[in-house]
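In case you want the letters, here they are:
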Amino acid sequence: MSNSLHYISAPEEGFKNELFDKLLAAGYYRMQHLMFTCNETIINSDYKTIPVFWLRTAVQNAVLKSAAKSILKKCAGFKARILPASVDDETEALYAAYKKHVRFEASASCTSYLHQPEVPEPFDAMMIKVFDGNTLIAAGYFDKGYKAIAGIMNMYHPKYHSYSLGKLLILQKLQYALSENMQYYYTGYISTESTRFDYKTFPDPEAVEVLLPVEQVWTPYNALGKPFLEAYYAQLLSDH
């Protein structure tokens, strides 16, 4: 199987409702105003490719672990608002502070990460804003379909790093999915050669499923684990 990226452009009606759910279930994910899938990615300046596998959380099966409950308790004094997605000066300022803080290469702006000006917005996009009083301290974007949501990006102010606001936003998205009676929360991919994406199994690893792309079957992640996925990639996906 080829490891090259595969993109899909949006139809006239966009990536919404059942179509969005279907593409997520097939291992596709948002990139600006397109959807793509892949078996590899590059995360370092050496341009070495590493294997990736797509994840989702079965929303109705998720049971918050003690670490998740602790974060909710620590952040109880903050206020969260769920809104249609937008990018304004306040969110761009937050993104700029976040970009300086993180150790990986990030897009130049929040707008350039999410959007392509020459292509109409094809997603039913939402966002969560977290405030400490009147100060925006974190924001997360996600897209919704008929019975699924997909987390796209989270950012937070570095001064609040100790509050685990990235994970708080994951919990807020999960709670939104529960309130809307969604089935799945797609969190992106995980890698067998990096721990950078392991946080995506939070808050309940037992509710996480992983896509086996050859068979197009979703399987409980904990039943397989990274050693199995590493062997699967080597035998069925690698071109080397």
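In case you missed it, the structure is sitting above this.
Residues numbered from 1 in each chain as written. Predicted model: local features only at pLDDT ≥ 70, side-chain atom pairs only at ≥ 80, totals over all residues. Heavy atoms only, no water.

Caption draft 1: Seen up close, the environment of leucine 178. With respect to the helices and strands, the residue leucine 178 is situated in helix H5 (residues 165-179). Given a relative accessible area of 37%, leucine 178 falls into the partly exposed group. In this structure the C-alpha to C-alpha distance between leucine 178 and threonine 195, which are 17 residues apart in sequence, comes to 27 Å. (Helix = DSSP H or I, 4+ residues; strand = E, 2+ residues; numbered from the N terminus. Buried < 20%, exposed > 50% of the residue type's maximum accessible area, 1.4 Å probe, protein only.)

Caption draft 2: A look at the pairing of strand E7 (residues 125-132). Within E7, seven of the eight residues are buried, which leaves it mostly tucked inside the rest of the structure. Sheet topology note: the strand E6 (residues 79-84)/E7 ladder contains six bridges and is antiparallel. By the bridge assignment, isoleucine 82 is partnered in E7 with isoleucine 128. Taking the residues between adjacent antiparallel strands as the criterion, E7 and strand E8 (residues 135-144) are bridged by two residues, where glycine 133 takes a positive phi near 70°. (Pairing = 2+ DSSP bridges.)

Caption draft 3: Structural context of H5. Compared with the 21 Å implied by 1.5 Å per residue over 15 residues, the 21 Å span of H5 between its first and last C-alpha is a close match. All buried positions along H5 are accounted for by Leu165, Leu168, Leu169, Ile170, Leu171, Gln172, Lys173, Leu174, Tyr176 and Ala177. For H5, the elements touching its buried residues are helix H2 (66-74), E6, E7, E8, strand E9 (148-156) and strand E10 (184-191). Phi for asparagine 181, located one or two positions after H5, is positive at around 60°. (Expected span 1.5 Å × (residues − 1). Contact = heavy atoms within 4.5 Å.)

Caption draft 4: How the structure looks around unusual backbone geometry. A cis geometry characterises the amide bond from phenylalanine 202 onward to proline 203, with omega recorded as 10°. Backbone geometry places asparagine 181, a non-glycine residue, at a positive phi of 60°. Of note in this structure, glutamine 216 is not a glycine but carries a positive phi near 55°.

Caption draft 5: Just the pattern of salt bridges, in detail. Under the definition given, this model contains nine salt bridges. Where lysine 65 meets aspartate 204, a salt bridge forms, and the shortest distance between an N and an O atom there is 3.6 Å. Of the two residues, lysine 65 is situated in the loop between strand E5 (49-58) and H2 and aspartate 204 in the loop between E10 and strand E11 (208-212); the sequence distance between them amounts to 139 residues. Since its relative accessible area comes to 32%, lysine 65 is described here as partly exposed. Judged by its relative accessible area of 3%, aspartate 204 is buried. Put simply, lysine 129 and aspartate 88 hold a salt bridge, and the shortest N to O gap is 3.5 Å. On the criterion of sequence distance, the pair formed by lysine 129 in strand E7 and aspartate 88 in the loop between E6 and helix H3 (89-101) is long-range, its members being 41 residues apart. With relative accessibility at 31%, the residue aspartate 88 sits in the partly exposed group. Several salt bridges share partner residues, and in doing so they unite Arg30, Glu121 and Asp143 into one network. (Salt bridge = Lys/Arg side-chain N within 4 Å of Asp/Glu carboxyl O.)

Caption draft 6: Spotlight on the pairing of E10. In terms of burial, E10 is largely enclosed, as seven of its eight residues are buried. Pairing between E5 and E10: seven bridges, direction antiparallel. Each bridged residue has a counterpart across the sheet, and for leucine 55 the counterpart in E10 is glycine 188. Relative to E10, E9 runs parallel, the two being bridged by three bridges. Bridged to alanine 148 within E10 is tyrosine 184. Assessed by its sense of winding, the connection that carries the chain from E9 through H5 to E10 is right-handed. (Right-handed = clockwise from strand over helix to strand, strands pointing away.)

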